[in-house]
Amino acid sequence: MNKSLTAFLAISLAAFGVSAKKVHIPTKNTSLVLEATEGQPLKFLYYGNALSDNDVQTLDAAGTFNRDAYPVYGMNPMNEAAFSAVHADGNMTLDMAVTDVSTALGADNSTVTTVTMADKVYPFTISVNYRTYPGEDVIETWAEATNNEKGTVRLTRFMSGYLPVRRSDVHVSQLYGSWANETRVEEAPLPHGVKIIKNKDGARNSHTSHAEVMMSLDGKGRENEGRVIGAALEYGGNYKLMFDTDDTDYHQFFAGINEENSEYNLAKGETFVTPPLALTYSEEGLSGASRNFHRWGRNHRLAHGNDMRKVLLNSWEGVYFDINEEGMQQMMADIADMGGELFVMDDGWFGGKYPRNNDSTSLGDWVVDTNKLPGGINGLIDAADKRGIRFGIWIEPEMTNTVSELYEKHPEYIIKAPKREAVQGRGGTQLVLDLANPKVQDIVFNIVDTLLTKYPRIDYIKWDANAPIMNHGSQYLTADNQSHLYIDYHRGLEAALKRIRAKYPDVTIQACASGGGRANWGILPYFDEFWVSDNTDALQRIYMQWGTSYFFPAVAMGSHISASPNHQTNRIVPLKFRTDVAMSGRLGMEIQPKNMTDEEKEQTRRAITDYKRIRPIVQQGDIYRLLSPYDGKGAASLMYITPDKDSAVYYWWKTEQFVNQQLPRVTMAGLDPDKTYTITELNRVDNKPLPYEGKKFTGRFLMSNGLEMPLSHDVDWHKRNDYASRILLLNAE
Ligand code: DGJ
């Protein structure tokens, strides 16, 4: 029996059925405490740092919030609810009471505590679940509602979880943005009234707002100190995060599927399972909460979260749709020569009757265009093999175009409202396939299955999704269940992805959705990484990757060196700076190498060699963000440290350039104060080494004093520019 299971039993189950009892859900450093009394609603008592058995027992005396742990709509309708439903007989109220508390070992060595509640009158139950993993400071909570009534129950709200947060000076940090400007950080205190963060894209959900937030409990969030609660809804579809700040002493936080236009008819005997909401608590500031999410995500959510990712070249910004054999061969030769390990052929390689020469045709017709690639995929893979690199390919399986053989044969497979013309997206012709339909799920599975059966040496798939659900209507769902579309789309997508992963557990798959539309812990179990943004401008990426790192680890963050001037911003950025930013995530390239000079290629070759050295620290280490680009101090800085604190990589990027500017000296964090670290600059371009090159400093010194970063690079006159950045490797003796 594992430790958390034992703790729970000792404190609660022994006394269950007799009187009010505490349900203590512990993690390594945190506790969540509920009160479960048979015949009463489940009460929330506490979420925060770890409590002793004594503190759990005397908690009530300290003052707690007398609210339900999973509020339902009906008997106290003036408060916001996590769940509401209309019974088969039209009654709109629920009145739930605890009937059972149980605990079980779940998948992946987890412990799941389940509190079951039944309506006092109707045969309708809701169980609230809490999952913990040994060693992780994350608690996942979700609800399951079962209808045993005589007829269908209409679910009108179905949140994953609810959390009351004591008022103090709570600041919420959220991610916002739009295409090519994703994951910007915004922080603000919570106002009275309701704050809602939501998504209604239908297919993807992280271009604009994100389904994750950080709550800094004691004023503006600090990176490495202070109490922080992090919340991440694990769901790839429409979501709603809601803070209701009413006339009580608490902010009330709800998170779940966005119920708007998604009422769900739960048939007799059916159970509706919400996606999980992951909660974390840290007293080590925002970075501490991020580390908790990263560790848990790498260990339990992200596909192959503990493996290293290959250094790759993706063809998109290098050639766009101009795919041909000679071009692909040349790109493969170049990336192999620079030390890369994988080449990915992006959009434009397919189409039979309609060749894919631009974005207006062919999605759905996943056959090789042999006019462009006479040697086919196998020819390319043979060439990759010869160069000692692996081969990957782009697909967009959930979509079709009106100009495609798939659409000509099966117009009934697209999402479209009855009696309406289909709204068309990218290229003026793109349509979304109706994944509520099991036949469409088969199509999506078969696209991947056919590719990987025919070409088993494919190592990597870039899975794109370039359209939202553009009109509401399923040609598959019945008229009375049209409101199921958004939810059933994601159930269908997940069903197809599950089949793919069951058959192909080893292939690396990137979640791309017009850039960063699919950065969410709900979808990442099927993917190894995501494309942060279609914007590859290094300066803007500092801001986007900073925000991304609040919730997602570097191993999942596709971060590529691209051309200058940048294709999205037209900004001219030197290769050193572009490389130093890309090297803080999963390094790749998004460039036409044939346009690079020999000197640039050599510089990149050295950078890739350096990156391979630090890859385990970056991709598997703990993040400590140090100086935020959003603070407007003229620079940004962060570091990754191995769990044993023996090695670290420090990044510093100048974000503004003025003459005689004064930048802060950045103090480091997370090191072992008593270890002595030797400093080595990586990716060095300067004529002279830094004054501290090869020197040793204690962790204590580096964390209270830091190192001075020169404002510019010591390079020959003609190479001078307005950028400066540094990567330092720190190794303890
Ligand atoms: C959008 C993606 O974000 C790009 O990286 C690229 O794959 C294009 N789609 C291809 O159409």
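J.: Give a detailed account of the overall build of the chain, specifying residues and quantitative values.
T.: Along its length, the chain carries 13 helices and 35 strands. Its C-alpha radius of gyration of 27 Å places the chain within 12% of the 27 Å reference for a compact globule of 733 residues. Seen along its three principal axes, the alpha-carbon backbone of the chain occupies a region of about 80 × 70 × 45 Å. Across the 733 residues in the chain, those meeting the buried criterion constitute 62%. Expressed as a percentage of contacts within the chain between residues at least 6 apart in sequence, the contacts between residues at least 24 apart total 69%. Counting only carbon and sulfur atoms, one obtains 49% of the accessible surface of the chain, whose full area is about 26400 Å². Each charge sign in the chain was given a centre, from 76 positive and 93 negative side chains, and these centres are 2 Å apart.

J.: Explain the pairing of strand β19 (residues 277-282) residue by residue, including any values.
T.: The buried fraction of β19 is high, at six of six residues. Across four bridges, strand β8 (residues 138-147) lies against β19 in antiparallel orientation. Paired with isoleucine 139 across the two strands is leucine 279, which belongs to β19. Taken together, the six bridges between strand β14 (residues 228-233) and β19 define a ladder with antiparallel strand orientation. Within β19, the residue paired with valine 228 across the bridge is serine 282.

J.: How would you sum up the nonpolar core? Please name residues and give values.
T.: Generally speaking, soluble globular proteins have nonpolar side chains that are buried together. By size, the foremost hydrophobic cluster in this structure holds 129 residues, and its most contacted members are Met345, Trp349 and Phe391. Excluding its chain neighbours within four sequence positions, the residues that come into contact with methionine 345 are Ser315, Ile323, Met328, Leu373, Ile377, Leu380, Phe391, Gly392, Ile393 and Trp394. Counting residues in hydrophobic clusters, the runner-up holds 64 residues, among them Met96, Val101, Leu155 and Phe253.

J.: Any details on the site of the ligand? Residues and values, ideally.
T.: Around the ligand, the structure places 13 residues, and the nearest of them are Asp346, Asp347, Lys462, Asp464 and Asp534. Take aspartate 464: an N or O atom from its side chain is 2.7 Å from a nitrogen atom of the ligand. Here aspartate 534 contributes a side-chain N or O atom positioned 2.4 Å from an oxygen atom of the ligand. Isolated, the ligand exposes 290 Å² of accessible area, and the fraction of that covered by the protein chains is 98%. Here the shell around the ligand is built from residues that sort into four nonpolar, three polar and six charged.

J.: Can you explain the sheet that holds strand β3 (residues 43-49)? Please cite residues and give values.
T.: Taken in spatial order, the three strands line up as β1-β2-β3 in an open sheet, and their pairing is antiparallel. This sheet does not close on itself; its edge strands, each paired only once, are β1 (21-26) and β3. Ignoring strand direction, the axes of neighbouring strands in this sheet form an average angle of 15 degrees. Pairing of strand β2 (residues 30-36) with β3 involves six bridges; the strand directions are antiparallel. Bridge pairing in β3 places serine 31 opposite glycine 48. Across the sheet, helix α2 (residues 53-62) touches β1, β2 and β3, and the angle it forms with β1 is around 120 degrees.

J.: Lay out the sheet that holds strand β28 (residues 557-562) with the relevant residues and their values.
T.: Reading around the circumference, β20-β21-β22-β25-β26-β27-β28-β29 is the order of the eight strands in this closed barrel, with parallel pairing throughout. Each strand of the sheet is rotated relative to its neighbour by a mean of 30 degrees, with strand direction disregarded. Here strand β20 (residues 312-314) runs beside strand β21 (residues 342-345); their pairing, made up of three bridges, is parallel. Residue pairing in the sheet places leucine 313 in a bridge with phenylalanine 343 of β21. Against the sheet, helix α6 (residues 376-387) makes contact with β21, β22 (390-395) and β25 (458-463), and its axis sits at roughly 145 degrees relative to β22, the strand it touches most. Contacts between helix α8 (residues 438-454) and the sheet are confined to β22 and β25, with β25 contributing the most and set at about 150 degrees to the helix.

J.: Requested: an account of the packing of helix α11 (residues 575-582) against helix α12 (residues 598-620), with residues and values cited.
T.: In contact at an axis separation of 11 Å, α11 and α12 are set at 25 degrees when each is read in the N-to-C sense. Relative to α12, α11 is oriented roughly parallel. Crossing hand, α11 versus α12: right-handed. The segment α11 lies against α12, with Leu575, Lys576, Arg578 and Thr579 engaging Glu600, Gln603, Thr604 and Ala607. For the contact of α11 with α12, the class distribution of residues is two nonpolar, three polar and three charged.

J.: Outline empty space enclosed by the protein, listing residues and values.
T.: Taken as a whole and judged by the stated rule, the model has seven cavities of 30 Å³ or more. In this structure, the largest cavity occupies an estimated 80 Å³ of space. Taken together, Leu32, Phe44, Ala69, Tyr70, Val128, Tyr130, Thr141, Ser160, Gly161, Tyr162, Leu163 and Leu279 make up the lining of the largest cavity. Tallied by class, the residues present in the lining of the largest cavity amount to nine nonpolar, three polar and no charged. By volume, the second largest cavity amounts to about 70 Å³. Around the second largest cavity, the lining residues are Arg541, Ile542, Gln545, Trp546, Ser549, Met557, Val581, Ser584, Leu638, Tyr640 and Trp653. Looking at the lining of the second largest cavity, the elements that each hand over two or more residues are α10 (538-548) and β31 (635-641). It is α10 that contributes the most residues to the lining of the second largest cavity, four residues altogether. Each residue belonging to the lining of the second largest cavity can be placed in one class, and the counts come to seven nonpolar, three polar and one charged.

Criteria and cut-off values
Residues numbered from 1 in each chain as written. Predicted model: local features only at pLDDT ≥ 70, side-chain atom pairs only at ≥ 80, totals over all residues. Heavy atoms only, no water. Helix = DSSP H or I, 4+ residues; strand = E, 2+ residues; numbered from the N terminus. Rg over C-alpha atoms; globule rule 2.2 N^0.38 Å. Buried < 20%, exposed > 50% of the residue type's maximum accessible area, 1.4 Å probe, protein only. Contact = heavy atoms within 4.5 Å. Areas by Shrake-Rupley, 256 points an atom, 1.4 Å probe, with all protein chains shown as cover. Lys, Arg positive; Asp, Glu negative; His and termini not counted. Charge placed at Lys NZ, Arg CZ, Asp CG, Glu CD. Pairing = 2+ DSSP bridges. Core = buried A, V, L, I, M, F, W, Y, C linked by side-chain atoms within 4.5 Å. Near = heavy atom within 4 Å. Polar contact = N/O pair within 3.5 Å; in protein donor to acceptor, adjacent residues only side chain to side chain. Nonpolar A, V, L, I, M, F, W, Y, C, P; charged D, E, K, R; others polar. Axes fitted to C-alpha atoms, helices over the stretch in contact; angles between N-to-C directions. Parallel < 35°, antiparallel > 145°, perpendicular 65-115°, else oblique. Left-handed = near helix turned anticlockwise from the far one by under 90°. 1 Å grid on protein atoms, 1.4 Å probe; cavity = no way out; pocket = protein on both sides within 12 Å on 5 of 7 lines; lining within 4 Å. Points joined across faces, edges and corners; volume = space filled by probe spheres on them.

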